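Single-letter residue listing:
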Amino acid sequence: MKVLIVGSGGREHALAWKIAQSPQLTKLFVAPGNAGIAKLGECVNIKADDISGLLAFAKENEIDLTIVGPEAPLVAGIVDQFEAAGLAIFGPNQKAAQMEGSKIFAKELMAEAKVPTAGFKIFTDVNEAKTYIIEQEPPIVIKADGLAAGKGVVLAASVEEGIQAVNQMISEQAFGEAGRRVVIEKHLEGSELSVLILTDGESVLPLASSQDHKRANDNDRGPNTGGMGAYSPCPLVNDQNLEEIVKSTGESIIKKLAEKGIVYRGILYVGLMLTDKGPHVLEYNVRFGDPETQAVLPRLKTDLLDILHQIAKGKLTTQSLEWDERPCVTVVMASGGYPGSYQKGFPVNGLEEAAQASDVVVFHAGTASLENGQIVTSGGRVLAVSALGETLKAARDAAYQAVQKISFKGAFYRGDIAHRALQSDVSMKNS
Ligand code: AMP
Ligand code: GLY
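Since this is a predicted model, take the numbers as computed values, not measurements. (Residues numbered from 1 in each chain as written. Chains lettered and ligands numbered in written order. Predicted model: local features only at pLDDT ≥ 70, side-chain atom pairs only at ≥ 80, totals over all residues. Heavy atoms only, no water.)

**Things to note about the site of ligand 1**
Here is the rule: Throughout, the term near means that a residue has one or more heavy atoms lying within 4 Å of the molecule or strand in question. Here a polar contact means two N or O atoms within 3.5 Å. Within protein one must be a hydrogen donor candidate and the other an acceptor candidate, and residues neighboring in sequence count only if both atoms are side-chain atoms. Surface accessibility follows the Shrake-Rupley procedure with a 1.4 Å probe radius. Residue values consider only the protein chains on display as shielding.
Lining the immediate environment of ligand 1, one finds 16 residues, of which Glu185, Leu188, Glu192, Lys214 and Glu283 sit closest. Between ligand 1 and lysine 103, the relevant distance is 3.3 Å, taken from an oxygen atom to a side-chain nitrogen or oxygen of the residue. Alone, ligand 1 offers 460 Å² of accessible surface; in the complex the protein occludes 91% of this.

**Focus on the side chain of lysine 103**
Put simply, the rule reads: The way it works is that DSSP assigns letters per residue, a run of H or I at least four long becomes a helix, a run of E at least two long becomes a strand, and they are numbered from the N terminus. Buried means the residue's accessible area, taken with a 1.4 Å probe over protein chains only, is under 20% of the maximum for its type, while exposed means over 50%, and partly exposed covers the values in between. When charges are counted, neither His nor the chain ends are considered; positive counts come from Lys and Arg and negative counts from Asp and Glu. Every case where a carboxyl oxygen of Asp or Glu lies within 4 Å of a side-chain nitrogen of Lys or Arg is listed as a salt bridge. Residue contacts are defined here by distance: any two heavy atoms, one from each residue, within 4.5 Å place the two residues in contact.
Locating lysine 103 in the fold gives a position in helix H6 (residues 103–113). Buried lysine 103, no salt bridge; nearest opposite-charge side chain is glutamate 283, N-O distance 4.0 Å. Residues in contact with lysine 103, not counting those within four places in the same chain, are Lys143, Ala144, Asp145, Val153, Val183 and Glu283.

**Notes on the nonpolar core**
Side chains of nonpolar character tend, in soluble globular proteins, to be buried together. Rules: Working definition of a nonpolar core: buried Ala, Val, Leu, Ile, Met, Phe, Trp, Tyr and Cys residues. They are joined through side-chain atoms within 4.5 Å.
Counting residues in hydrophobic clusters, the biggest one holds 75 residues, and the most contacted among them are Ile78, Met99, Ile253, Tyr284, Val329, Leu383 and Ile406. Excluding its chain neighbours within four sequence positions, the residues that come into contact with isoleucine 78 are Ile51, Leu54, Val68, Pro73 and Ile89. Ranked by size, the runner-up nonpolar core spans 39 residues in total, among them Leu28, Phe90, Leu308 and Phe363.

**Here we look at the sheet that holds strand E17 (residues 278–285)**
Note the following rule: At least two bridges found by DSSP between two strands is the condition for calling them paired. All axes are obtained by fitting lines to C-alpha atoms, using only the stretch in contact for helices, and the reported angles, taken between N-to-C directions, cover 0 to 180 degrees.
Spatial strand order, E11-E10-E16-E17: 4 strands in an open sheet with antiparallel pairing. Only two strands of the sheet have a single neighbouring strand rather than two, namely strand E11 (204–206) and E17. Each strand axis lies, on average, 35 degrees off the axis of its neighbour in the sheet, ignoring direction. Of the pairings in the sheet, the one linking strand E16 (residues 266–275) to E17 comprises 7 bridges and is antiparallel in character. Pairing of leucine 272 across the sheet is with valine 281, part of E17.

**A closer look at the UniProt feature "domain: ATP-grasp" (unreviewed entry) in the protein chain**
Defined as follows: UniProt positions are given in the numbering used here, feature names are shortened, and annotations may be inferred rather than shown by experiment.
The UniProt feature table records "domain: ATP-grasp" (unreviewed entry) at residues 107–313. Annotated as residues 107–313, this span is 31% helix and 29% strand, and its ends, taken at the C-alpha atoms, are 29 Å apart.

**Here's the deal with a negative patch on the surface**
Operational definition: Patch rule: a residue counts if its relative accessible area is over 30% and it has no salt bridge; like charges are joined within 9 Å, and nonpolar side chains (Val, Leu, Ile, Met, Phe, Trp, Tyr) within 5 Å. Note that the charge is assigned to NZ on lysines, CZ on arginines, CG on aspartates and CD on glutamates.
The grouping of Asp239, Glu243, Glu244 and Glu251 at the surface amounts to a negative patch. Relative to the elements of secondary structure, aspartate 239 occurs in helix H9 (residues 239–259).

**What about the site of ligand 2?**
Our working rule: Note that Gly is not counted as nonpolar here; it falls among the polar residues with everything else outside the nonpolar set of Ala, Val, Leu, Ile, Met, Phe, Trp, Tyr, Cys and Pro and the charged set of Asp, Glu, Lys and Arg.
The environment of ligand 2 is made up of Asp212, Lys214, Gly226, Tyr269, Asn285, Arg287, Gly289, Asp290, Pro291 and Glu292. A distance of 2.9 Å separates a nitrogen atom of ligand 2 from a polar atom in the backbone of aspartate 290. Bound to the protein, ligand 2 loses 90% of the 190 Å² it would expose on its own. Considering only residue class, the shell around ligand 2 consists of 2 nonpolar, 3 polar and 5 charged.

Put into structure tokens, the structure is as follows:
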């Protein structure tokens, strides 16, 4: 099978790494890819949001399956365009991708399907939003309706911060059309959990659980990021709880979409908060998580390409997945300044040495290769270093040992990935 993966981050490197192991693969292209991905397949210089460029490439090269990494092209309708041209593509179509493309669409659907989520109100008028904020007890959660490159969620610690957020979103249009409508919702307390569900719109096949670390600094301090590390499985849920979560927050919403004539084909990412009143949905994403994918795929034994192809063709026939029992820990190495502004172009050293340890994979997230072969930083999140271990602690130690072999100017990473699970007294055997 000739495969095209769309995207350029750590998630796409992990997908490419897994797909490259499939006996069904004959040729792998990645658009645009990065310096790490280039070792697994041919990088093509087409951006992930250039849908017509990608379509022309897929036609010309007779691609058998296109796999879409990031959300933006999905929300913009890449799947509809490929399917109209008779090309197989993995991911939800434009209507289904509203699950991530519009927070309001997702919230209203959750209310209809009785999926537990934080109570919310929708605003388009800035003065009404401010009046409401003044009446709330902080922290106040404010979300732009549309895609805002990961910056559309504000956890305001005070009424003043809340007012500033709605001013920016609604009046100043900091996110353009995406912030014209906002959701203001209750703040939930608890531990976060990510559940990724493969589906053809009818059958579901959940991947192993994982937990992301959103804040930039240790002890969950500092600004929210795209994710600074992850581990899988998450011992906070056992198999039975996970099954219930998949039913009540995944299958129920996929069914509700189907009732509306929207067939969800692809992967549905359910972001949850495990509160003392049970699991509540924080958000849905319509793609693989980043960096969850880098922690989950090294544990997957089943051929992923086969499954993604089945779904793209319309019928998921695989009924179970085979997993490596060993936990996996992923540590993200980022550029100094991320998630704010940062410099690029610094040489990255020690990559080969770090990857020499068995059961360690260094996924590239934001790297580029110079003409002389030197790899340099080119993004906020630069690398995602994943390691498997007999225990969560062994996996964590192996990941950090590898991280310590890698250096680039200004590099920073969190020192406490998987700390929650290691501190809690929960047995990994449970999960
Ligand atoms: P979202 O893009 O909606 O997942 O929001 C990004 C991050 O903000 C989540 O992963 C949580 O860490 C946090 N968050 C979102 N909504 C809430 C909420 N209602 N209560 C507490 N934290 C939240
Ligand atoms: N790790 C969070 C996300 O992929 O959105």
